[in-house]
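# Observations on the model geometry
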Amino acid sequence: MKCMVIDGNSIINRAYYGIRPLTNREGLYTHAVFGFLTTLLRLKEEEQPDALCVTFDRKAPTFRHQMFDGYKAQRKGMPQELVQQLPLIKEVLTDLGYPILTKEGYEADDILGTLSAMCEQEGHQCYIATGDRDSLQLIGKNTTVLLASSRAGKSETVVCDEAYFREKYGTEPQGLVDIKALMGDSSDNIPGVPGIGEKTALKLIGQYGTLDAVYENIDTLPVTKSVKAKLEAGKDSDYMSRTLAKIDRAVPLDVTLEDCKPKPRDEAALFALLSKLEM
């Protein structure tokens with residue numbers, strides 16, 4: 001079986017900011033809906049998955065927020081023009097017959113990770129469609145990330161497999177968690193080790209493989225005394241950051257991969273909704 005899992009929040013955000021504002025005659029904003037559907041239908045056509053579902057974040061705090069008050073604290077709220085389009089997107093998905101998965105206390109990323117783990121355990125292929133590079137840590141023998149990105153002002157999908165990751169980062173996909181733990185991530189407000197940047201993080205994880213190995217060899221690391229001192233002083237922050245950055249692949253979802261197969265479309269409801277949205 002080929003299963004496609006779409007990171008709803010990520011793709012919707014790219015659609016909202018990547019397309020000029022569109023409205024229907026009633027003044028209802030529709031460009032995020034249009035862009036999301038365009039992406040979904042293109043991916044479905046290209047990959048021909050047997051199962052397809054869409055994951056979303058919930059408003060409730062996750063276990064990461066409970067662990068670290070500053071997690072994503074700097075992020076601005078969702079624009080109202082986008083907020084009003086979320087229910088429409090979910091309504092369209094329901095009419096199309098595609099399952100929507102959320103879980104209180106977890107992020108959409110964790111659901112992506114859990115479904116990909118289920119695919120790997122059962123010998124199925126998983127394709128994750130997202131614009132978030134955090135999901136690259138999920139790449140494996142049976143898991144490929146379809147990364148939405150832009151080049152020269154044009155949207156494109158980068159197919160990210162194990163070979164792609166090794167060439168770009170010089171380590172295994174799981175190493176991305178430890179790289180991020182060292183260098184931090186300003187977009188998620190993950191602190192990392194103060195003073196340690198991407199170059200040093202890539203070098204250390206590329207050479208030693210894991211955060212544990214870096215600290216086990218702290219006395220012989222090929223770094224300056226200053227960098228060594230920063231690593232020692234920031235060890236607690238480092239390991240907390242690793243927990244924040246690591247996608248949970250064991251979310252209690254109470255669904256099977258069979259549940260992710262599309263249901264029959266509600267043609268009448270779909271026609272009525274798309275007509276209202278003037279699509």
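Here, every reference points to the structure presented above.
Notes on the structure follow.

For the chain, the count of helices and strands is 13 helices and six strands. Relative to a compact globule of 279 residues, whose C-alpha radius of gyration would be 19 Å, the chain shows 20 Å and is just as compact. If one aligns the C-alpha atoms of the chain with their principal axes, the spans along those axes are about 70 × 40 × 40 Å. A burial count over the chain gives 48% of its 279 residues as buried. Considering only intrachain contacts with a sequence separation of at least 6, the fraction spanning at least 24 residues in the chain is 70%. Accessible surface computed for the chain: about 13,900 Å², of which carbon and sulfur atoms make up 50%. Here the chain contributes 34 positively and 41 negatively charged side chains, and the mean placements of these two sets differ by 5 Å.

This part takes up the nonpolar core. The biggest cluster of nonpolar side chains holds 30 residues, and the ones touching the most others in it are Ile6, Ile12, Phe36, Val54 and Leu93. Listed by contribution, the elements that provide at least two residues to this core are strand 1 (2-7), helix 1 (8-18), helix 2 (31-47), strand 2 (51-55), helix 5 (86-96), strand 4 (125-130), strand 5 (143-151) and helix 13 (267-276). Those residues in contact with Val54, other than ones at most four positions away along the chain, are Ile6, Gly8, Phe36, Leu40, Leu93, Pro99, Ile100 and Leu101. Judged by nonpolar contacts, the second largest core, of 29 residues, contains Leu115, Val145, Leu147 and Tyr164.

A full pass over the atoms with the stated rule returns four aromatic pairs. Relative to Tyr239, the ring of Tyr215 has its centre 5.8 Å away and its plane inclined at 40 degrees; by these criteria the two rings are tilted. Linking Tyr215 in helix 10 (residues 211-216) with Tyr239 in helix 12 (residues 235-245), this pair joins segments that are 24 residues apart in sequence. Residue Tyr215 is classed as buried on the basis of its relative accessible area of 10%. With a relative accessible area of 25%, Tyr239 lands in the partly exposed category. Here the basic side chain of Lys2 rests over the ring of Tyr127, its NZ or CZ set 4.9 Å away from the ring centre. In this structure, Lys90 is placed above the aromatic ring of Phe56, and the distance from its NZ or CZ to the ring centre is 4.8 Å.

It is worth spelling out helix 2 at this point. For helix 2, which comprises 17 residues, the first-to-last C-alpha distance of 24 Å matches the rise-based estimate of 24 Å (1.5 Å per residue) to within 8%. For helix 2, every residue scored as buried is listed here: His31, Ala32, Val33, Gly35, Phe36, Leu37, Leu40, Leu43 and Glu47.

Burial within strand 1 is extensive, with five of its six residues counted as buried. Across five bridges, strand 1 lies against strand 4 in parallel orientation. Pairing of Ile6 across the sheet is with Ala129, part of strand 4. Sheet topology note: the strand 1/strand 2 ladder contains five bridges and is parallel. Paired with Ile6 across the two strands is Val54, which belongs to strand 2.

Criteria and thresholds
- Along every chain, residues carry numbers that run from 1 in the direction the sequence is written.
- Local features in this predicted model are restricted to residues of pLDDT 70 or higher, and side-chain atom pairs are both shown and tallied only at a pLDDT of 80 or more, whereas totals for entire chains, interfaces and linings draw on every residue.
- Values reported for side chains reflect all heavy atoms of the structure, with hydrogen atoms and water molecules removed beforehand.
- By definition, any uninterrupted DSSP run of H or I lasting at least four residues is a helix, any uninterrupted run of E lasting at least two residues is a strand, and each is numbered from the N terminus.
- Taken over C-alpha atoms, the radius of gyration is set against a globule rule of 2.2 Å times the number of residues to the power 0.38.
- To sort residues, take the accessible area from a 1.4 Å probe on protein chains only and compare it with the maximum for the residue type: under 20% means buried, over 50% means exposed, and anything in between is partly exposed.
- Residue contacts are defined here by distance: any two heavy atoms, one from each residue, within 4.5 Å place the two residues in contact.
- The Shrake-Rupley method, run with a 1.4 Å probe, gives the accessible areas here. Residue values count only the displayed protein chains as cover.
- The positive count covers Lys and Arg only, the negative count covers Asp and Glu only, and His and the chain ends enter neither.
- For the purpose of locating charges, the reference atoms are NZ of Lys, CZ of Arg, CG of Asp and CD of Glu.
- Residues grouped as a nonpolar core are buried Ala, Val, Leu, Ile, Met, Phe, Trp, Tyr and Cys residues, joined through side-chain atoms within 4.5 Å.
- When the centres of two rings from Phe, Tyr and Trp lie within 6.5 Å, Trp using its six-membered ring, the rings pair. Their planes under 30 degrees apart give stacked, over 60 give edge-to-face, and anything left gives tilted.
- Charge-over-ring placement is defined geometrically: NZ (Lys) or CZ (Arg) within 6 Å of the ring centre, and within 35 degrees of the ring normal.
- Multiplying 1.5 Å by the helix residue count minus one yields the expected span of that helix.
- Pairing between two strands is assigned when DSSP locates at least 2 bridges connecting them.

Read these as geometric descriptors, not functional statements.
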